[in-house]
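What follows is the residue order along each chain.
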Amino acid sequence: MTHASSRVSALRSVALNVPDLATAESFYTTTWHLDVVARTADAIYLRGTGADHHLLALHQAAGDAQIRHVTLRARDASALDAVAQAAVQAGGQVLQAKAPVTEPGGGVAVTVADPDGRIFQLVYGDALHADAHEAKDKPIRLAHAVLNSHHVEDTRGFMEAVFDFSLSDRTRIMAFMRCNSDHHSVALGDTDNDALNHIAFLMSDLDSVMRGAGRMKDAGFATEWGPGRHGPGDNAFNYFVGPFDVVIEYTAEVEQIDDSYQAGQPTDWTWPPGRVDQWGISAPPSARLKEAQKAIVFVSSL
């Protein structure tokens with residue numbers, strides 16, 4: 001048994017505000033290969049092939065795209081109260097007290113914010129799909145969400161105290177946090193803002209990561225970083241800037257770890273000059289990618 005968070009079993013989904021829901025739906029279904037599982041008057045919910053009810057919730061809202069919240073799945077019902085109490089003790093706040101979820105997916109949830117305004121929904125008893133499977137060229141589930149932080153160690157402390165995440169690896173620019181056997185479900189990017197860095201979607205294999213890049217190219221979206229294989233997490237990757245400057249990643253082969261894994265420090269994760277990953281074939285992240293990784297800020301209120 002790996003180290004597991006006592007409060008969080010997995011990353012479930014990410015919710016975004018977008019200015020043009022029709023454009024977003026067309027892209028995420030036709031090109032990114034998610035499927036609409038539910039819709040309301042002003043939102044759509046997109047699933048992968050796995051059991052999670054949805055991976056992405058897109059809400060129509062004027063202005064620039066923003067992130068509404070990151071949804072984590074609670075390990076048990078008691079975790080909701082524990083997280084609400086711990087969030088306040090850690091300097092955050094409870095934005096929505098424990099209550100039944102009224103949007104598709106259901107369950108019971110509590111929504112909290114950390115001291116810098118990152119918003120997390122913790123849900124328990126949400127709907128699961130009975131037809132979970134893997135399919136070529138289609139995302140299965142979310143692999144991870146990366147959130148920027150102007151003070152990574154403070155944000156790390158909040159994730160540990162409130163959600164019982166633990167550190168898998170620390171590089172010069174990122175802290176990788178785990179709640180289950182995945183090397184990381186949330187990572188914290190060391191930068192000068194607190195925006196969404198990117199959302200990674202798990203594919204069934206390396207070929208699907210690469211064919212996804214070809215499909216994106218056909219649709220007019222360049223690969224902004226990749227193909228490559230990361231050090232921490234050992235996962236293969238291709239990064240893109242999707243509609244409204246949302247950075248998205250296709251990834252596969254995420255490292256599975258247990259209690260024998262020793263967390264690395266920045267000196268353990270260095271590359272020879274000119275390299276930015278294990279393979280050494282990719283150029284560094286593009287300037288466009290770096291700008292987009294700071295563009296999607298959290299909403300100021302729900």
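See the structure above.
Residues numbered from 1 in each chain as written. Predicted model: local features only at pLDDT ≥ 70, side-chain atom pairs only at ≥ 80, totals over all residues. Heavy atoms only, no water.

Caption draft 1: Structural context of the packing of aromatic side chains. Across all of its chains, the model carries 13 aromatic pairs by this definition. Where Phe-27 meets Trp-32, the ring centres are 6.2 Å apart and the plane angle is 25°; that geometry is what we call stacked. We note that Phe-27, like Trp-32, is buried. Through pairs of rings, three or more aromatic residues link up here, namely Phe-27, Tyr-28, Trp-32, Phe-201, Phe-221, Phe-240 and Tyr-250. (Phe/Tyr/Trp six-rings, centres within 6.5 Å; stacked < 30°, edge-to-face > 60°. Buried < 20%, exposed > 50% of the residue type's maximum accessible area, 1.4 Å probe, protein only.)

Caption draft 2: Representation of the sheet that holds strand β13 (residues 196–202) in the model. Reading across from one edge, β10-β11-β12-β9-β13-β16-β15-β14 is the order of the eight strands in this open sheet, with mixed pairing throughout. Each edge of the open sheet is held by one strand with a lone partner, namely β10 (166–170) and β14 (225–229). Strand after strand, the sheet turns through a mean of 20° between neighbouring axes, direction not considered. Here strand β11 (residues 174–178) pairs with strand β12 (residues 186–190) via four bridges, running antiparallel. Following the sheet pairing, Phe-176 is matched in β12 by Ala-187. Contacts between helix α3 (residues 152–163) and the sheet are confined to β9 (141–149), β10, β11 and β12, with β12 contributing the most and set at about 165° to the helix. (Pairing = 2+ DSSP bridges. Helix = DSSP H or I, 4+ residues; strand = E, 2+ residues; numbered from the N terminus. Axes fitted to C-alpha atoms, helices over the stretch in contact; angles between N-to-C directions. Contact = heavy atoms within 4.5 Å.)

Caption draft 3: Molecular detail of the pairing of strand β1 (residues 8–18). Within β1, ten of the eleven residues are buried, which leaves the element mostly enclosed by the surrounding structure. As paired strands, β1 and strand β5 (residues 66–74) are joined by eight bridges and run antiparallel to one another. Its bridge partner lying in β5, Ala-15 is registered against His-69. Here β1 runs beside strand β4 (residues 56–60); their pairing, made up of five bridges, is parallel. Residue Val-18 lies in a different strand from β4, and its bridge partner there is Gln-60.

Caption draft 4: Geometry of the nonpolar core. Within the largest apolar cluster, 63 residues are counted, with the highest numbers of intra-cluster contacts made by Leu-16, Tyr-28, Trp-32, Leu-56, Leu-58 and Phe-163. Counting residues per element, this core draws most heavily on helix α2 (residues 78–89), at six residues. Contacts of Trp-32, omitting those with residues within four sequence positions, involve Phe-27, Pro-139, Phe-201, Arg-215, Met-216, Phe-240, Ile-248, Glu-249 and Tyr-250. (Core = buried A, V, L, I, M, F, W, Y, C linked by side-chain atoms within 4.5 Å.)

Caption draft 5: Broad picture of the sheet that holds β1. If you trace the eight strands from one edge of the open sheet to the other, you get β2-β3-β4-β1-β5-β8-β7-β6, paired in mixed fashion. Of all strands in the sheet, those with a lone pairing partner are β2 (35–39) and β6 (93–100), marking the two edges. Neighbour to neighbour, the strand axes of the sheet diverge by 20° on average, direction disregarded. Both β2 and strand β3 (residues 43–47) contribute to a ladder of four bridges, which runs antiparallel. Residue pairing for β3: Asp-35 is matched across the bridge by Arg-47.

Caption draft 6: The packing of α2 against α3, seen in detail. In contact at an axis separation of 8 Å, α2 and α3 are set at 145° when each is read in the N-to-C sense. Crossing hand, α2 versus α3: right-handed. Contacts between α2 and α3 pair Val-83, Ala-86 and Ala-87 from the former with Phe-158, Ala-161, Val-162 and Phe-163 from the latter. Here the residues of the contact of α2 with α3 sort into seven nonpolar, no polar and no charged. (Left-handed = near helix turned anticlockwise from the far one by under 90°. Nonpolar A, V, L, I, M, F, W, Y, C, P; charged D, E, K, R; others polar.)

Caption draft 7: Representation of unusual backbone geometry within the structure. Cis rather than trans, the peptide bond between Gly-226 and Pro-227 has omega equal to -5°. Phi is positive for Asp-164, close to 60°, though the residue is something other than glycine. With a phi angle near 65°, Phe-244 is a residue other than glycine that sits in the positive phi range.

Caption draft 8: Spotlight on the pattern of salt bridges. Scanning the model with the defined rule gives 21 salt bridges in all. Its salt-bridge partner being Asp-137, residue Arg-211 comes within 2.8 Å of it at the nearest N-O pair. Of this pair, Arg-211 sits in helix α4 (residues 206–218) while Asp-137 sits in the loop between β8 (119–124) and β9, placing them 74 residues apart in sequence. Overall, the relative accessible area of 37% leaves Arg-211 in the partly exposed class. One salt bridge in this structure joins Arg-170 and Asp-190, with 3.8 Å as the shortest N-O distance. Taken together, the positions of Arg-170 in strand β10 and Asp-190 in strand β12 put the pair 20 residues apart, joining distant regions of the chain. (Salt bridge = Lys/Arg side-chain N within 4 Å of Asp/Glu carboxyl O.)

Caption draft 9: α2, seen in detail. Relative to the 16 Å expected for twelve residues at 1.5 Å per residue, α2 spans 17 Å between its end C-alpha atoms, a close match to the ideal helical length. Among all positions of α2, only Ala-79, Leu-80, Val-83, Ala-84, Ala-86 and Ala-87 are buried. Buried residues along α2 sit against β5, β6, β7 (108–113), β8 and α3. Looking one or two residues beyond α2, the residue adopting positive phi is Gly-91, at roughly 95°. (Expected span 1.5 Å × (residues − 1).)

These figures come from the coordinates and say nothing about function on their own.
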